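As a plain string of letters, each chain reads:
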Amino acid sequence: MYHTDRGIEELEKRRGEEEVTFAWLADKLREFVDANPDFETPIERFATFLARDDDFED
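Quick notes on the rules
Residues numbered from 1 in each chain as written. Predicted model: local features only at pLDDT ≥ 70, side-chain atom pairs only at ≥ 80, totals over all residues. Heavy atoms only, no water. Axes fitted to C-alpha atoms, helices over the stretch in contact; angles between N-to-C directions. Helix = DSSP H or I, 4+ residues; strand = E, 2+ residues; numbered from the N terminus. Parallel < 35°, antiparallel > 145°, perpendicular 65-115°, else oblique. Left-handed = near helix turned anticlockwise from the far one by under 90°. Contact = heavy atoms within 4.5 Å. Salt bridge = Lys/Arg side-chain N within 4 Å of Asp/Glu carboxyl O. Buried < 20%, exposed > 50% of the residue type's maximum accessible area, 1.4 Å probe, protein only.

**A closer look at the packing of helix H2 (residues 22-35) against helix H3 (residues 40-51)**
Okay, so step 1: Between H2 and H3, the shortest axis-to-axis distance is 10 Å and the interhelical angle comes to 165°. Looking at the two axes, H2 sits roughly antiparallel to H3. Judged by the twist between their axes, the crossing of H2 over H3 is left-handed. Packed against H2, whose contacting residues are Leu25, Leu29, Phe32 and Val33, the element H3 presents Glu40, Ile43, Phe46, Ala47 and Leu50 at the interface.

**Quick notes on the pattern of salt bridges**
Okay, so step 1: All told, the structure shown has 4 salt bridges when counted by the stated rule.
Okay, so step 2: Linking arginine 14 and glutamate 10 is a salt bridge whose minimum nitrogen-to-oxygen distance equals 2.9 Å. With arginine 14 and glutamate 10 both in helix H1 (residues 3-15), this residue pair falls 4 residues apart, about one helical turn.
Okay, so step 3: Given the relative accessible area of 67%, arginine 14 is considered exposed.
Okay, so step 4: Between arginine 15 and glutamate 18 there is a salt bridge, with the nearest N and O atoms lying 3.0 Å from each other.
Okay, so step 5: Classification of arginine 15 as partly exposed rests on a relative accessible area of 39%.
Okay, so step 6: For glutamate 18, a relative accessible area of 43% corresponds to the partly exposed category.

Printed below as a string of structure tokens:
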């Protein structure tokens, strides 16, 4: 298990039943980067991954 899996598991446990829009997610990512500018590049990469998810082959 990667260290980040704990945060992902917590997210799923606490909020897994909720539905959100990509607009809401984008706002939350912007808030996070505003508060944590050192994470701008990883968040940009993550957002690009989500935006282009249909471009990836299994």
